[in-house]
Amino acid sequence: MDLRIFTEPQQGASYDTLLAVAKATEELGFDAFFRSDHYLKMGDVDGLPGPTDAWTTLAGLARETRRIRLGTLMTSATFRLPGILAIQVAQVDAMSGGRVELGLGAGWFEAEHTAYGIPFPREKFDRLEEQLEIITGLWGTEVGKTFSYEGVHYRLADSPALPKPAQEKVPVLIGGHGAKRTPALAARFADEFNIPFASIEDSERQFGRVRAAAEEHGRAADDLIYSNALVVCVGRDDAEVARRAAAIGREVEELKENGLAGSPAEVVDKIGRYAEIGSSRIYLQILDLHDLDHLELISSRVQSQLS
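Reading guide: rules and limits
Residues numbered from 1 in each chain as written. Predicted model: local features only at pLDDT ≥ 70, side-chain atom pairs only at ≥ 80, totals over all residues. Heavy atoms only, no water. 1 Å grid on protein atoms, 1.4 Å probe; cavity = no way out; pocket = protein on both sides within 12 Å on 5 of 7 lines; lining within 4 Å. Points joined across faces, edges and corners; volume = space filled by probe spheres on them. Axes fitted to C-alpha atoms, helices over the stretch in contact; angles between N-to-C directions. Helix = DSSP H or I, 4+ residues; strand = E, 2+ residues; numbered from the N terminus. Parallel < 35°, antiparallel > 145°, perpendicular 65-115°, else oblique. Left-handed = near helix turned anticlockwise from the far one by under 90°. Contact = heavy atoms within 4.5 Å. Phe/Tyr/Trp six-rings, centres within 6.5 Å; stacked < 30°, edge-to-face > 60°. Buried < 20%, exposed > 50% of the residue type's maximum accessible area, 1.4 Å probe, protein only.

## A word on the layout of surface pockets
Its volume calculated, the largest pocket comes out at about 1100 Å³. In terms of lining, the largest pocket is formed by 46 residues, of which the most central are Glu8, His38, Met42, Trp108 and Phe197.

## Some remarks on the packing of helix 1 (residues 15-27) against helix 2 (residues 54-64)
It is the contact of helix 1 with helix 2, at a shortest axis distance of 10 Å, that shows an interaxial angle of 45°. Comparing the axis directions of helix 1 and helix 2 gives the class oblique. As for the relative orientation of helix 1 and helix 2, their crossing is right-handed in sense. Residues Tyr15, Leu18, Leu19, Ala22 and Lys23 of helix 1 lie in contact with helix 2, whose contacting residues are Thr57, Gly60, Leu61 and Glu64.

## Some words on the packing of aromatic side chains
Summed over the entire model, instances satisfying the criterion amount to six aromatic pairs. On the basis of an interplanar angle of 35° and a centroid distance of 4.7 Å, the ring pair of Tyr39 and Phe79 is categorised as tilted. Note that Tyr39 is positioned in the loop between strand 2 (32-35) and helix 2 and Phe79 in the loop between strand 4 (75-76) and helix 3 (82-96), a separation of 40 residues in sequence. Accessibility assignment for this pair places Tyr39 and Phe79 in one class, buried.

Laid out in structure tokens, this is it:
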């Protein structure tokens, strides 16, 4: 089971804070540092000092880290034109020496679009499909040849399809709870399917849909990695769990029900139950980014038992 650190910087984090978390991620032996792609806080937090851009952040971290994978859960297709996003991701991949992964989603948070003057289209899923076709098409075009695309929402003519990523293939992550179109997109484009904040039962059901869609598309179901994103709150004792839950404005029992919370043994046991239904990677949503002792505890008492 791979454990990856997943951050939500729109809730309030500077680049320096994210850098400290990324360095701890690397030093403590976690597999990757991922971040969300949002420009507006959610819920009852002040969000200070304000939003940071996902790919600007990852470009900086690409030069400040050496081992960990770097990526997004999920880049919003509404924020960027696909040709520009293909360039950005390829450049950051080169800056990192080939450690980037692209999670791409349709986008959903209308308020952040309104707040920053970003168009919020109605046909979000259709645009996502075209973006995936374009980005993978640009990266897959042989050097010296050109790429053209004629879609409903995007058109490219004689693109040189440059630059190329450092990796032969940048892993593409697709995720969500949708019963039909999401599994179909994953079957066509994804190297990894991620389901966020889902129960074991719902995860198993959605993994089954994706596996079936992959086989219908002519792929082996096991060609894809299946993963979960879950909030984490671990403590050495009940008091420490309660303190960490209070720090992120959550209740312990709710966290145990909907995430990974409790003692290291409790969390290891629940991760094992996700592994039983086919999940091989967990993105640990860390909401208190100043509590680096939390990461150390997870590394020494949870991750050590899984490896």
